[in-house]
Amino acid sequence: MYTISLGDDGAELGPLGPWQAGEFLGHMDRGREFIGRFNALPDVVTDLASSRAFLRAYAEKEAADAGRIRGIRYGGTLVGAVILRRMDVARGTAEAGCWLEPAAVGRGLVTRAARVLIDWAIRERGIHRVEWWVSPHNTPSIAVARRLGMSRHGVLRESHLFRGERHDEEIWSVPAAEWTGGAG
């Protein structure tokens, strides 16, 4: 229900809600180590209660028009997600993000899913600038930002505390006036 096709390979993008906490936890368990290389989500979603709480927080963000989460399914299985981690409609800014379990890597799923979510944010919600914050070591995520037509705008040195250590973060973005749907 309410899914969007991501192409001829059967991949779909659809809502994720608290009632899907068990499925989400299973997905996180399958990808925990891989996802956790650059993303603290596996440290947050550790059991059914924390999975439900995470998805409830995004349901509340969606209700407040302050964020979104959409699941990426491949072959009917939840394999990843794209998010608008922050969305400020009044200011016209949003931060997009993603993750994917290892079995789904290399199919272009994140790029296709992020394209749909960013396009919605710009065209439907009037977002002026979409950002993509990423570790300089996360080359697959940087490649997605490039495929989406984003430009690197800066590095926040040692700004991100991740598992007890400070890390740099690159900020990539695309303003609405330059958004082509990531097709060019």
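For the structure, check the block above.
As the structure is a prediction and not an experimental result, all values here were calculated from the model.

Draft legend 1. Spatial organisation of the pairing of strand β2 (residues 12-15). Pairing of strand β1 (residues 4-5) with β2 involves 2 bridges; the strand directions are antiparallel. When the bridges of β2 are listed, Ser5 appears paired with Glu12. Of the strand pairs in this sheet, β2 and strand β3 (residues 68-74) are connected by 4 bridges, and their pairing is antiparallel. Residue pairing in the sheet places Glu12 in a bridge with Arg73 of β3.

Draft legend 2. Quick peek at helix α4 (residues 109-125). With 17 residues, α4 should cover 24 Å at 1.5 Å per step; its first-to-last C-alpha distance of 23 Å lies within 8% of that length. Residues Leu109, Val110, Thr111, Arg112, Ala113, Ala114, Leu117, Ile118, Ala121 and Ile122 constitute the buried set of α4. Buried positions along α4 lie against β2, β3, β4 (77-88), β5 (93-100), β6 (129-134) and α5 (139-147).

Draft legend 3. Seen up close, the pattern of salt bridges. This structure, assessed with the given rule, holds 14 salt bridges. In this structure, the salt-bridge partner of Arg112 is Asp9, at a minimum N-O distance of 2.8 Å. Note that Arg112 is positioned in helix α4 and Asp9 in the loop between β1 and β2, a separation of 103 residues in sequence. Residue Glu101 pairs with Arg30 through a salt bridge whose shortest N-O separation is 2.9 Å. In this pair, Glu101 is assigned in the loop between β5 and α4 and Arg30 in helix α1 (residues 21-35), connecting sequence segments 71 residues apart. On the basis of relative accessible area, Glu101 is assigned to the buried category, the value being 5%.

Draft legend 4. Geometry of the pairing of β4. Sheet topology note: the β3/β4 ladder contains 7 bridges and is antiparallel. Each bridged residue has a counterpart across the sheet, and for Ile69 the counterpart in β4 is Ile83. Two elements, β4 and β5, share 8 bridges in a ladder whose sense is antiparallel. For Val82, the partnering residue across the bridge sits in β5 and is Cys98. Hairpin connection from β4 to β5: 4 residues lie between these consecutive antiparallel strands, with Gly92 at a positive phi of about 80°.

Calculation rules
- Residues numbered from 1 in each chain as written.
- Predicted model: local features only at pLDDT ≥ 70, side-chain atom pairs only at ≥ 80, totals over all residues.
- Heavy atoms only, no water.
- Pairing = 2+ DSSP bridges.
- Helix = DSSP H or I, 4+ residues; strand = E, 2+ residues; numbered from the N terminus.
- Expected span 1.5 Å × (residues − 1).
- Buried < 20%, exposed > 50% of the residue type's maximum accessible area, 1.4 Å probe, protein only.
- Contact = heavy atoms within 4.5 Å.
- Salt bridge = Lys/Arg side-chain N within 4 Å of Asp/Glu carboxyl O.

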